[in-house]
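# Fold and geometry: a report
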Amino acid sequence: MKYTIHRALNKLWNNRIIYLFLLIELSIGISVTLCGHLSSRSAQKRLDEYYSQFEIGEMVVEYYSKGNIFETAITYDDYSYLKQNYGMQYEFTYFLYTNSIFQLCDSNEVENVTILAMNKDAFSSLFGFEQQERIYVGSEISEALALGDIVFPERWIEMSEHSVRIGDHSISNIERIPKGFEKLITRAIQDFDLDVNKLMILPESLINTLEEESVSLVSFLMLQQQTEEKSDQIALILEELSRRHIGYSYAVVDLGIQIEQFIADLTQEIRLLSWVSKITLVITTLGIIGVLFLFLQFRRREYAIALTQGATHQMIFRELYCEVLILNGLAGIVGILIAVVAIPYLSTSMFTTSFSLTVIPIVIAIIRIITFSVCISILFCIRSIYPSKLLRT
């Protein structure tokens, strides 16, 4: 066996130009197949998440300014009023956030930060446990606090490693957002284009303070229908908001319709990616078989001489099999390396694609399929070799 592998390696080296082009073609084919598979799997995972997260009756209140207005479109008082009067029909999720900057005391570097406050129901739904009088910060803010106090341009907020002052309120419990919840928060705030690493989450008790102290605020209100029966309270909610804030106009967007459209688009993209990977694999296999078959025809005289010197068809087949297997193994390794580099660039606004070692069995399967297909063509080629007839010609 060692002798066969040694001869196969010699043949690969002696015919390195042809095998180099085959290696490039096969590597690209394998990498494209892997990229298509991983993208399709990431899209399918995202689709499953949307199916699991989707709940009937979810609606978001959107608002539009009729001019240059600096007041908050949906205040905490609005949320409290709506919860008190319509809490039996709907569950309310309320976010309020503002953007700011901070820097270390002994540094001139300035970093962005988003200060976000949410109601207790939203917090419990997001984290899975009850909200406490505690402030959660992203990884970059936590690392900055470990280096010393950080300074905000606003006078109403001060922050050190052990405490935070928001207006007249001081909170000594500061924790970094747990790694397990970073992805959950990222999904929850992805529509707001916020960076979870530069996020500061305040408890509901500080929403009023944030609203009073901050100049520019963005609010978010979502309604979740509590019962399966349709409610006609939406018009009254919008009317009440319009009465409270004359400068804004309000509308409700049914998330169900948006998510259904999103799911339809994502399903179509999954099918496209799946077909791309399959077609690429077929084209690559046929291309390799075609090139190797022509190459074997070119080497028929070499095999005929080997047969006259005592070699058997089985020996020649094993040698060619080793050549193809080594070539496919190298192509698989190169294809994986190409996929590792290319995969991060395939992420879209719909899903994030990342490399996974679970594709290694797929690469092995691809190598076996191509090797098996090529060996069948090799077998037919070898059987058609008649040394006496070929050498006479």
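Here, the structure is the one placed above.
Reference entry: report on the structure contained in this document. (Residues numbered from 1 in each chain as written. Predicted model: local features only at pLDDT ≥ 70, side-chain atom pairs only at ≥ 80, totals over all residues. Heavy atoms only, no water.)

Within helix α5 (residues 139-147), burial applies to Ser139, Ile141, Ala144 and Leu145. One or two residues past the end of α5 sits Gly148, with phi positive at roughly 145 degrees. (Buried < 20%, exposed > 50% of the residue type's maximum accessible area, 1.4 Å probe, protein only. Helix = DSSP H or I, 4+ residues; strand = E, 2+ residues; numbered from the N terminus.)

A word on the pattern of salt bridges. It is possible for side chains bearing opposite charge to pair when their charged atoms get close. Using the criterion set out here, one finds eight salt bridges in the structure. Asp78 serves as the salt-bridge partner of Arg244, at 2.9 Å between the closest nitrogen and oxygen. You can see Arg244 sitting in helix α8 (residues 234-244) and its partner Asp78 sitting in helix α3 (residues 76-86), a full 166 residues away along the chain. Between Glu140 and Lys198 there is a salt bridge, with its nearest N and O atoms 3.9 Å apart. Of this pair, Glu140 sits in helix α5 while Lys198 sits in the loop between α6 (179-189) and β10 (199-202), and the two are 58 residues apart along the sequence. The class of Glu140 is partly exposed, set by a relative accessible area of 31%. One network of salt bridges, with partners in common, ties together Asp78, Glu240, Arg243 and Arg244. (Salt bridge = Lys/Arg side-chain N within 4 Å of Asp/Glu carboxyl O.)

Now for the packing of aromatic side chains. For the structure on display, the rule yields ten aromatic pairs. Centroid distance Tyr63 to Tyr250: 6.4 Å. Interplanar angle 55 degrees. Geometry classified as tilted. With Tyr63 in strand β1 (residues 58-65) and Tyr250 in strand β12 (residues 248-254), this pair connects stretches of sequence that are 187 residues apart. Residue class for Tyr63 comes out partly exposed when judged on its relative accessible area of 24%. Each member of the aromatic cluster is reached from another via a ring pair, and the members are Tyr63, Tyr248 and Tyr250. Over the ring of Tyr81 we find Arg244, and its NZ or CZ is 4.6 Å from the ring centre. (Phe/Tyr/Trp six-rings, centres within 6.5 Å; stacked < 30°, edge-to-face > 60°. Lys NZ or Arg CZ within 6 Å of the ring centre and 35° of its normal.)

On to the environment of Ser277, then. Locating Ser277 in the fold gives a position in helix α9 (residues 255-298). Looking at Ser277, the relative accessible area reads 8%, which means it is buried. In sequence terms Ser277 and Cys35 are 242 residues apart; their C-alpha atoms lie 7.7 Å from each other. In this structure Ser277 touches Thr33, Gly36 and His37, once residues within four positions along its chain are discounted. (Contact = heavy atoms within 4.5 Å.)

This paragraph deals with the pairing of strand β11 (residues 218-225). By the criterion of burial, β11 is predominantly enclosed, with seven of the eight residues buried. Here β1 runs beside β11; their pairing, made up of four bridges, is antiparallel. Bridging across to β11, Val61 finds its partner in Leu221. Two elements, strand β2 (residues 90-104) and β11, share eight bridges in a ladder whose sense is antiparallel. Bridging from a neighbouring strand, Phe92 pairs with Leu223 of β11. (Pairing = 2+ DSSP bridges.)

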